[in-house]
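# A look at the structure
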Amino acid sequence: MRSALRRPLTLQPEDLDLGARGFRLADPAVAPVLDSVVAAFASGYNGMLSRDPAELGVERLSARVRGFAYEGAAMSAVILDLVAFGGGRRLRELDRVTGGRYVHLLLVGAGWAFARLRLRPWRGVRFGPPVLRWLAWDGWGFHQAFFHPVKVFGNGWIEARVPEACRAIRDQGAGRALWFYAGAEPTRVAEVIDGLPAGRRADLWAGIGLAAAYTGAQSPEALNRLVTAGESYAAALAQGAAFAAKAHLLSGIVTDETASAVQILTGVDVPAAARWTDDALAALDGRPDTPETYEAWRAGVRHAWASTLGEVTR
């Protein structure tokens, strides 16, 4: 079955090429990083179509892009599980092979799969800790913004099949895609977000913070410009960066670039920002596993940032 599906499902280079998709050309110092992220995602995705999780060889990739490779692998794992009624077997095996160190990326990758198959991941993601499973809608939003950027960023499109309660999560994912669409350029990021409804901007800025910190693509000077550009949404920007800090810390790989980005966007180091996410999640113990609880988690991270702000120098 996997052999028969490999060809129609394979992502070709032009499918993900940022320039070919009409994305803004990044600064020459930044473009190779963004391109390496996309290449790693494609490598993981295409590799999972033909190999078992233990044979992907992701550990041979640069440390800074391994998470993206596993995100891509999760996308194809879920597609294969869905079309073959696998019950999530491949995704669980991928999580086992990675020792649970990339659970956030796997859940986001699952969202890509549901978006590609035009299915709603409402209760379909039966993997990972409660509350975190709603990250699949973040992956959905990234997929849609990446493959339909003009509709999403130019026309403000939100798919009718996205439940109202999940639209903020979806927009965080779209914000992550915007980081690539804008070539990681703060001025362009702000211009695009300012052109969208005010009620959606904080979620988009959260996605920007997550992408900026996780990719570690930009210089400290550019990240400081990003903080200035998103000053009105500083809490959302910091919340996204804190999510990236937690994901990197869990993976065991924190690059110097990510450490610098987290410090600039949150005002604290990676372990401290990651603790915000842990403490905010722990405070929700016993709450129902709903998108509203996920939003309360994000609000808790923003509150932690605001409570710490007076004690740090930004």
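See above for the structure.
Fair warning: this is a prediction, and the values are worked out from it, not measured in the lab.

## Things to note about helix α11 (residues 198-215)
Taking 1.5 Å as the rise per residue, α11 with 18 residues should run 26 Å; its terminal C-alpha atoms sit 26 Å apart, in good agreement. With 15 of 18 residues buried, α11 is to be regarded as a mostly interior element. Phi turns positive one or two residues past the end of α11, at G216, with a value near 60 degrees.

## Some words on the nonpolar core
Counting 112 residues, the largest nonpolar core has L178, W179, W205, I208, L226 and W297 as the members making the most contacts within it. In contact with W205, not counting residues within four places along its chain, are V189, A190, I193, L226, A229, G230, Y233, A236 and L237.

## Details of the pattern of salt bridges
A complete count under the given rule lists 14 salt bridges for this structure. R167 is the partner of E164 in a salt bridge, and the nearest nitrogen-oxygen pair spans 3.9 Å. Across the pair D278 and K246 runs a salt bridge whose closest N-O atoms are separated by 3.2 Å. With D278 in helix α15 (residues 270-282) and K246 in helix α13 (residues 234-251), this residue pair connects regions lying 32 residues apart in the sequence. Its relative accessible area of 35% is what places D278 among the partly exposed residues.

## Quick look at the environment of L107
For L107, the location among the structural elements is in helix α6 (residues 103-116). A sequence separation of 21 residues divides L107 from G128, and the C-alpha atoms of the two residues are 7.5 Å apart.

## Description of empty space enclosed by the protein
On inspection of all chains with the given rule, the structure shows two cavities of 30 Å³ or more. The calculated volume of the largest cavity comes to roughly 340 Å³. Taken together, 24 residues form the lining of the largest cavity, with F68, E71, L105, V108 and R176 sitting closest to its centre. Secondary structure elements with two or more residues in the lining of the largest cavity: α3 (31-50), α4 (66-83), α6, α7 (135-147), α9 (167-181), α11 and α13. Taken together, the residues of the lining of the largest cavity break down into 19 nonpolar, two polar and three charged. What the second largest cavity holds in volume is close to 40 Å³. Forming the walls of the second largest cavity are A63, R64, R66, G67, Y102, Y214, H248, S251 and I253. If you list the elements that add at least two residues to the lining of the second largest cavity, you get α4 and α13.

Conventions adopted
- Residues numbered from 1 in each chain as written.
- Predicted model: local features only at pLDDT ≥ 70, side-chain atom pairs only at ≥ 80, totals over all residues.
- Heavy atoms only, no water.
- Helix = DSSP H or I, 4+ residues; strand = E, 2+ residues; numbered from the N terminus.
- Expected span 1.5 Å × (residues − 1).
- Buried < 20%, exposed > 50% of the residue type's maximum accessible area, 1.4 Å probe, protein only.
- Core = buried A, V, L, I, M, F, W, Y, C linked by side-chain atoms within 4.5 Å.
- Contact = heavy atoms within 4.5 Å.
- Salt bridge = Lys/Arg side-chain N within 4 Å of Asp/Glu carboxyl O.
- 1 Å grid on protein atoms, 1.4 Å probe; cavity = no way out; pocket = protein on both sides within 12 Å on 5 of 7 lines; lining within 4 Å.
- Points joined across faces, edges and corners; volume = space filled by probe spheres on them.
- Nonpolar A, V, L, I, M, F, W, Y, C, P; charged D, E, K, R; others polar.

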